[in-house]
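Fold and contact review
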Amino acid sequence: MALDILCPLCLEHPESISHALRDCRLVKPVWHQLGSHHLNTNFFSQDVNLWLSSNACLKSSHTVKGIPWFSLFSFAIWALWKQRNQVVFNNKGVNPNISNVICMQAMEFVYCVTQPRCRNRMIVRQIKWEKPDMGWVKLNTDGAADVAAGSAGGGGLIRDDQGNWIIGFTRKIENSQQLLG
Ligand SMILES: [Zn+2]
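What you see is a predicted model, and the numbers here were worked out from it, not measured in a lab.

Surrounding the zinc ion are the protein donor atoms C7 (SG), C10 (SG), H19 (NE2) and C24 (SG), at 2.1 to 2.3 Å. Counting along the primary sequence, the residues that act as donors to the zinc ion give the motif C-x2-C-x8-H-x4-C. On the accessibility criterion, H19 (7% relative accessible area) is buried.

Turning our eyes to something else, we now look at the environment of A144. Along the polypeptide, A144 turns up in strand β3 (residues 138–146). Once the C-alpha coordinates of A144 and H19 are considered, the two residues, 125 residues apart in sequence, prove to be 71 Å apart. Those residues in contact with A144 that sit more than four places away from it in its chain are A152 and G153.

The next thing to look at is unusual backbone geometry. Comment: phi is negative for the bulk of residues other than glycine, and the bulk of peptide bonds are trans. Backbone geometry at K65 places phi at a positive 55°, although glycine is not the residue there. Relative to the helices and strands, K65 is located in the loop between β1 (63–64) and β2 (67–68). The residue N91 is not glycine, and still its phi comes out positive at about 55°.

What follows covers the packing of helix α4 (residues 69–90) against helix α5 (residues 98–113). Between α4 and α5, the shortest axis-to-axis distance is 9 Å and the interhelical angle comes to 130°. Judged by the angle between their axes, α4 and α5 are oblique. Handedness of the α4/α5 crossing: right-handed. Where α4 approaches α5, its residues F70, S71, L72, F75, A76, A79, L80 and Q83 are matched on the opposing element by I98, I102, C103, Q105, A106, F109 and V110. Partitioned by chemical class, the residues of the contact of α4 with α5 number 12 nonpolar, 3 polar and no charged.

Our focus in this paragraph is the pattern of salt bridges. Taken as a whole, this structure holds 3 salt bridges when the rule is applied. A salt bridge links R25 to E12, with the nearest nitrogen and oxygen atoms 2.9 Å apart. Highlighted residues: R25 in the loop between α1 (17–23) and α2 (28–34) and E12 in the segment before α1, separated in sequence by 13 residues. We classify E12 as partly exposed; its relative accessible area is 42%. Between D23 and R22 there is a salt bridge, and its shortest N-O distance comes to 2.8 Å. Take R22: its relative accessible area is 4%, and that puts it in the buried class.

So, how was this worked out
Residues numbered from 1 in each chain as written. Predicted model: local features only at pLDDT ≥ 70, side-chain atom pairs only at ≥ 80, totals over all residues. Heavy atoms only, no water. Donors = N, O, S within 2.8 Å, 3.2 Å for Na, K, Ca; no water. Buried < 20%, exposed > 50% of the residue type's maximum accessible area, 1.4 Å probe, protein only. Helix = DSSP H or I, 4+ residues; strand = E, 2+ residues; numbered from the N terminus. Contact = heavy atoms within 4.5 Å. Axes fitted to C-alpha atoms, helices over the stretch in contact; angles between N-to-C directions. Parallel < 35°, antiparallel > 145°, perpendicular 65-115°, else oblique. Left-handed = near helix turned anticlockwise from the far one by under 90°. Nonpolar A, V, L, I, M, F, W, Y, C, P; charged D, E, K, R; others polar. Salt bridge = Lys/Arg side-chain N within 4 Å of Asp/Glu carboxyl O.

In structure tokens:
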């Protein structure tokens with residue numbers, strides 16, 4: 001079986017990892033559009049393993065266009081590989097807009113995944129009454145006030161460790177100032 005070793009994008013050079021992801025004349029402009037030259041002057045001459053690890057492991061403080069470079073770099077690698085496969089397996093053309101797509105994905109990742117600790121994260125929890133330990137009783141109370149109408153009320157009940165009602169009470173407070181005070 002004869003394998004075609006030429007790059008499926010340019011059809012000019014043998015397809016190596018570095019050619020497919022970095023050096024192909026149809027891939028290089030994408031890296032320029034992403035701003036690779038801002039960070040590393042030997043970006044296009046590094047050994048491929050070092051190139052992959054050093055760029056993907058850069059601290060998030062290294063930003064290009066306001067986006068951490070490690071994120072831009074990683075999404076670019078993935079997008080360029082997927083594009084290459086679209087060309088090979090689905091006869092698709094090269095996407096002229098791919099650098100914008102990469103920027104959007106990298107930005108989305110940074111906002112959604114790397115900063116969740118800074119945000120108020122919503123946790124969905126089911127609230128239900130829980131029995132007290134065996135031999136204990138539980139008192140639940142609640143109250144409400146209508147400040148405009150000046151009235152308020154409250155109540156409570158005591159249940160045993162099986163949830164059986166023991167006693168309950170309600171209280172109406174005509175003047176809610178008593179409550180607020
Ligand atoms: Zn090529």
